[in-house]
Structures are given as C-alpha cells and as structure tokens.
Amino acid sequence: MTRPRSWPELLARLRAPVVLAPMAGDVGTPALAAAVTRAGGLGSLGGAYLPPQALRAAIREVRALTDGPLLVNLFAPQPVPAVTPDTVAVATAELRPFHDALSLPPPTLPDRVQEDFGAQLNVVLEERPEVFSVAFGPVTPDALAALRARGILTVGTATSVSEALALHDSGVDAITVQGGAAGGHRGGWQEDALAGTVTLVREVARATPLPVLAAGGLMTAGHVRAALAAGATLAQCGTAFLLADEAGTAAPYRHALLEGTRDTVLTRAYSGRAARGLRTILTDAVTHPLPFPHQNALTRPLRTAGAHAGQADVLSLWAGTGYRQAQATGAAQIVAGLTP
Ligand SMILES: Cc1cc2nc3c(=O)[nH]c(=O)nc-3n(C[C@H](O)[C@H](O)[C@H](O)COP(=O)(O)O)c2cc1C
C-alpha cells in the first residue's frame, strides 16, 4: 500500500475512528496492533521501554501481520534528575518488604534508568511507521524535521490547551488530547488539571486547527460519538483494549480488572511520574518515590517478579476510570463496539 502523505490521506485509510492507544510495557503487543489495524482502526506500538533492537523487531512483527498503517510512540527524553544517597535509601527502604516477600535481593538503582531516545528514534526513522507519536513533551525541531523528511506523520500529547498550543507551534501534524480519566501516565509536561476529555477536546479543537485524537475514558461507541461531536477526528482508546485476547496483559492484571473491586488512583509509586492505575498495596505504601525515570527503573525487578508470581499488588495496573466497561474479547470486536 502507498503511504499516506497527509492526515486526510491517513483518515481515508481507516474504516473505524479508533486509534489503539500506544501502551508501553507488556500490554501493547504487535498482535494487538495488527489486529486493530486489520479491523480498520489505527494500530500502535508503545516503544518507550524497548531497546532499539526490540523496537525494530516489534515493528517488523506488525508489518508481517498487516500492510495497513501503524503508529509508534516514544517518550520524549527527560532530563535525568539528580538523586541523593539519602533519597535513594528512603525509596529503596519502602520497597524492601515487598522484595523480601518475593525472596528478591534488596532493591538497587541500576546505572541505566532509561532507554537511549536517539537510538530508538533512529529505528523509527529507518522502519518508517506511518505515524509517530510522543508523550511527555514536544520533540526537538531536528527530530521533527527528520520524521517529516521520512514521510512520517507526527503527533504530540497535550493535557491542556496551553500544551496543545505549544505542540501546534512545534509543527506536529496532530494532537492527542488526554483527559483526566485516561489510564497510564499523564502524557503532558506541565501541571495537569485532569480535565474532562470531551470538554478539553472541544477547547483544543477551537484553539488549534490541527486534528485532535481524543483520549481518556472512551469505552463505548456513545463515548466515541461524543468525542467526535466535540471536534475530535479520532478516539484513542487504551483501557478498552486491556482485556483484548491479543493484549499482553498479565494474568493477575486481567483478574484485577475483571474483579472490578479496586478504584483507580493517580500514583507516582511505580515510576515517579503521575499515572492512573488500579489501587494496590504499593500505591498506598510508597510515599517517597524517586523522580521519573529512576523510580521506574527501581521498581522493575519487583514488577517482573510479581507478574511471574501472580501478585497483582506489586504490578502497575494502569487503567482508566472506565475500566469496568472493558470487554474480554477479540480486538476486532472491541473496535467494532467502539465505532459509532
Ligand atoms: C496500560 C497503558 C499503558 C500506556 N502507555 C502509554 C505509552 O506508552 N505512551 C503514551 O503516549 N500513552 C500511554 N498510555 C496512555 C494512552 O495513550 C491513553 O492516553 C489512554 O489509554 C486513554 O485513556 P483510556 O485508558 O481511558 O482509554 C497508556 C495507557 C495504558 C492504559
């Protein structure tokens, strides 16, 4: 298939106004991305935590399954904040009982706390997904120019009108507008008011001429219809796909979602950055997390071991406020159910 060279050309390819929200970690598998694209939506890969070779392999796996469009998402590189031995000692002490309970060695901060964004971006430039999206800030003008030169459409993430205007000025092709109900990390970079999705979409659609991808709490065709009526071009849904057959959601995570007994909370316990997920023992116990990306690196061994041991309470159970409406079925059926 020829590549879409503009946003309208991309839209003309889609049969459903649904973007699979990129989901870094185990949830967003290549099989899920391909299934959403094959169902007429825009499939995606959340590549933020993947080393370059794994990111390349994941993109190629999707390409082997479908020749339809693909979105790849990364986190804008963050200045790595300084941490002191004292703050590290406090943060590791909070995690220690959970390590002991799983017979893990005591938590230690690794030397390397985030992937090399430049190397990840090079993979994107070489593999040329149709769309690239970024969270946690705009990318540099050089990066944007390089993406453009490769014919890759670009999307930034805003949680407010001022972030949307800044992204517009940076030169992106479209904006994901993330309301406060959304699962996973807050995707902006300024103080976040957790605005209602439909209201924020309406405001951003009025304030900028760019296409808007509405994200946050869109779980039904009715929700998607409301977001489109407010001015969105597409609905970016994450939580609606957490129970998809093709998702990599770990068994204890699925179980907690299906049980539906936990509330969602905004927490920095797992990564040091605000994210919405199901309340766990860890979201209650961790009160002094290290700043992102240190805490994310610090909690990784615990999360990995917890998944193997079937212990939901040490996992980051990212989910939006609408998670009880998620359907455990095939991704194609979920796309159809979200389509007005
Ligand atoms: C498990 C999970 C992982 C996520 N990972 C990412 C990510 O890597 N990059 C990103 O831009 N957004 C990520 N998000 C946020 C989504 O892009 C989107 O804003 C959110 O899923 C929309 O709200 P909803 O979950 O209510 O559908 C993630 C969301 C979830 C639920």
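The model shown is predicted, which means the values in this text are computed figures rather than measured ones.

## Brief notes about the overall build of the chain
Here is step 1 of the chain: Of regular secondary structure, the chain possesses 13 helices and 11 strands.
Here is step 2 of the chain: For 340 residues, the compact-globule formula gives about 20 Å, and the C-alpha radius of gyration of the chain, at 19 Å, lands near that figure.
Here is step 3 of the chain: Projected onto its principal axes, the C-alpha coordinates of the chain cover approximately 55 × 40 × 40 Å.
Here is step 4 of the chain: Looking at the chain residue by residue over its 340 residues, the buried ones come to 56%.
Here is step 5 of the chain: Of all intrachain contacts in the chain linking residues separated by at least 6 positions in sequence, the fraction that spans at least 24 positions is 69%.
Here is step 6 of the chain: For the chain, the accessible area works out to roughly 13600 Å², and carbon and sulfur atoms hold 54% of it.
Here is step 7 of the chain: One finds the centroid of the 26 positive side-chain charges in the chain at a distance of 6 Å from the centroid of its 26 negative side-chain charges.

## As for the sheet that holds strand β5 (residues 153–158)
Here is step 1 of the chain: Strand order in the open sheet formed by eight strands is β1-β9-β8-β6-β5-β4-β3-β2, with parallel pairing between adjacent strands. Every interior strand has two partners, whereas the edge strands, β1 (18–20) and β2 (43–46), have only one. When the angles between neighbouring strand axes are averaged without regard to direction, this sheet yields 25°.
Here is step 2 of the chain: With four bridges connecting them, β2 and strand β3 (residues 70–75) associate as parallel partners. Within β3, the position partnered with leucine 45 by the bridge is valine 72.

## A look at the packing of aromatic side chains
Here is step 1 of the chain: Using the criterion set out here, one finds five aromatic pairs in the structure.
Here is step 2 of the chain: An aromatic cluster is present here, built from Tyr49, Phe75, Phe136 and Phe292 joined pairwise through their rings.
Here is step 3 of the chain: Across from the ring centre of phenylalanine 292, 5.7 Å away, lies the NZ or CZ of arginine 273, which sits over that ring.
Here is step 4 of the chain: A cation sits over an aromatic face here: arginine 300 above tyrosine 49, 5.8 Å from the ring centre.

## Considering the site of the ligand
Here is step 1 of the chain: Every one of the 21 residues lining the ligand counts as a neighbour, but Pro22, Asn73, Gly217, Gly238 and Thr239 are closest to it.
Here is step 2 of the chain: With respect to the ligand, the side chain of glutamine 178 contributes an N or O atom lying 3.0 Å from an oxygen atom.
Here is step 3 of the chain: Contacts to the ligand include glycine 216, whose backbone N or O atom sits 3.3 Å from an oxygen atom.
Here is step 4 of the chain: The protein chains hide 96% of the 600 Å² of surface that the ligand would expose on its own.
Here is step 5 of the chain: Those elements that provide at least two residues to the shell around the ligand are β3 and β9 (234–237).

## Concerning the nonpolar core
Here is step 1 of the chain: Counting residues in each nonpolar core, the largest one holds 88 residues, and the members touching the most others are Leu32, Phe132 and Phe241.
Here is step 2 of the chain: Residues within four places of phenylalanine 241 in sequence aside, it is in contact with Val18, Leu20, Met23, Leu32, Val36, Ala247, Ala331, Ile334, Val335 and Leu338.

## A look at the layout of surface pockets
Here is step 1 of the chain: What the second largest pocket holds in volume is close to 370 Å³.
Here is step 2 of the chain: Arg186, Gln190, Arg268, Arg273 and Ala274 are the residues nearest the centre of the second largest pocket, which is lined by 18 residues in total.
Here is step 3 of the chain: Taken together, the residues that form the lining of the second largest pocket break down as eight nonpolar, five polar and five charged.

## Structural notes on helix α4 (residues 85–101)
In an α-helix there are 3.6 residues to a turn, and that puts residues three or four apart on one side.
Here is step 1 of the chain: Here α4 contains 17 residues, and its C-alpha end-to-end distance of 24 Å stays within 8% of the 24 Å for a straight helix at 1.5 Å per residue.
Here is step 2 of the chain: Of all bends in α4, the biggest is about 40°, found at leucine 95, and the proline proline 97 comes one to four residues later.
Here is step 3 of the chain: Every buried residue of α4 is listed here: Val88, Ala91, Thr92, Glu94, Leu95, Phe98 and His99.
Here is step 4 of the chain: Looking at the buried positions of α4, the neighbouring elements they touch are α11 (281–285) and α12 (294–309).
Here is step 5 of the chain: Serine 103 lies just past α4 and shows a positive phi near 55°.

## Description of the pattern of salt bridges
Here is step 1 of the chain: A complete count under the given rule lists 12 salt bridges for this structure.
Here is step 2 of the chain: Arginine 324 is the salt-bridge partner of aspartate 263, the closest N and O atoms lying 3.8 Å from each other. Of this pair, aspartate 263 sits in the loop between α10 (251–259) and β10 (264–267) while arginine 324 sits in the loop between α12 and α13 (331–338); the two residues are 61 residues apart in sequence, bridging distant segments of the chain.

## Structural notes on the environment of leucine 20
Here is step 1 of the chain: Within the secondary structure layout, leucine 20 lies in strand β1.
Here is step 2 of the chain: Along the backbone, leucine 20 and leucine 45 are 25 residues apart, and their C-alpha atoms lie at a distance of 8.6 Å.
Here is step 3 of the chain: Not counting chain neighbours up to four residues away, the residues in contact with leucine 20 comprise Leu32, Ala33, Val36, Leu42, Gly43, Ser44, Cys237 and Phe241.

## Quick notes on the packing of helix α7 (residues 161–170) against helix α8 (residues 197–207)
Here is step 1 of the chain: Two elements in contact, α7 and α8, have axes separated by 10 Å at closest approach and are oriented at 35°. The two elements α7 and α8 cross, and the hand of that crossing is right-handed. For the pair formed by α7 and α8, the contact residues are Val161, Ala164 and Leu165 on the first element and Leu200, Glu203, Val204 and Ala207 on the second.
Here is step 2 of the chain: Tallied by class, the residues present in the contact of α7 with α8 amount to six nonpolar, no polar and one charged.

Criteria and cut-off values
- Residues numbered from 1 in each chain as written.
- Predicted model: local features only at pLDDT ≥ 70, side-chain atom pairs only at ≥ 80, totals over all residues.
- Heavy atoms only, no water.
- Helix = DSSP H or I, 4+ residues; strand = E, 2+ residues; numbered from the N terminus.
- Rg over C-alpha atoms; globule rule 2.2 N^0.38 Å.
- Buried < 20%, exposed > 50% of the residue type's maximum accessible area, 1.4 Å probe, protein only.
- Contact = heavy atoms within 4.5 Å.
- Areas by Shrake-Rupley, 256 points an atom, 1.4 Å probe, with all protein chains shown as cover.
- Lys, Arg positive; Asp, Glu negative; His and termini not counted.
- Charge placed at Lys NZ, Arg CZ, Asp CG, Glu CD.
- Pairing = 2+ DSSP bridges.
- Axes fitted to C-alpha atoms, helices over the stretch in contact; angles between N-to-C directions.
- Phe/Tyr/Trp six-rings, centres within 6.5 Å; stacked < 30°, edge-to-face > 60°.
- Lys NZ or Arg CZ within 6 Å of the ring centre and 35° of its normal.
- Near = heavy atom within 4 Å.
- Polar contact = N/O pair within 3.5 Å; in protein donor to acceptor, adjacent residues only side chain to side chain.
- Core = buried A, V, L, I, M, F, W, Y, C linked by side-chain atoms within 4.5 Å.
- 1 Å grid on protein atoms, 1.4 Å probe; cavity = no way out; pocket = protein on both sides within 12 Å on 5 of 7 lines; lining within 4 Å.
- Points joined across faces, edges and corners; volume = space filled by probe spheres on them.
- Nonpolar A, V, L, I, M, F, W, Y, C, P; charged D, E, K, R; others polar.
- Expected span 1.5 Å × (residues − 1).
- Bend = angle between axes of the 7 residues up to and from the residue.
- Salt bridge = Lys/Arg side-chain N within 4 Å of Asp/Glu carboxyl O.
- Left-handed = near helix turned anticlockwise from the far one by under 90°.

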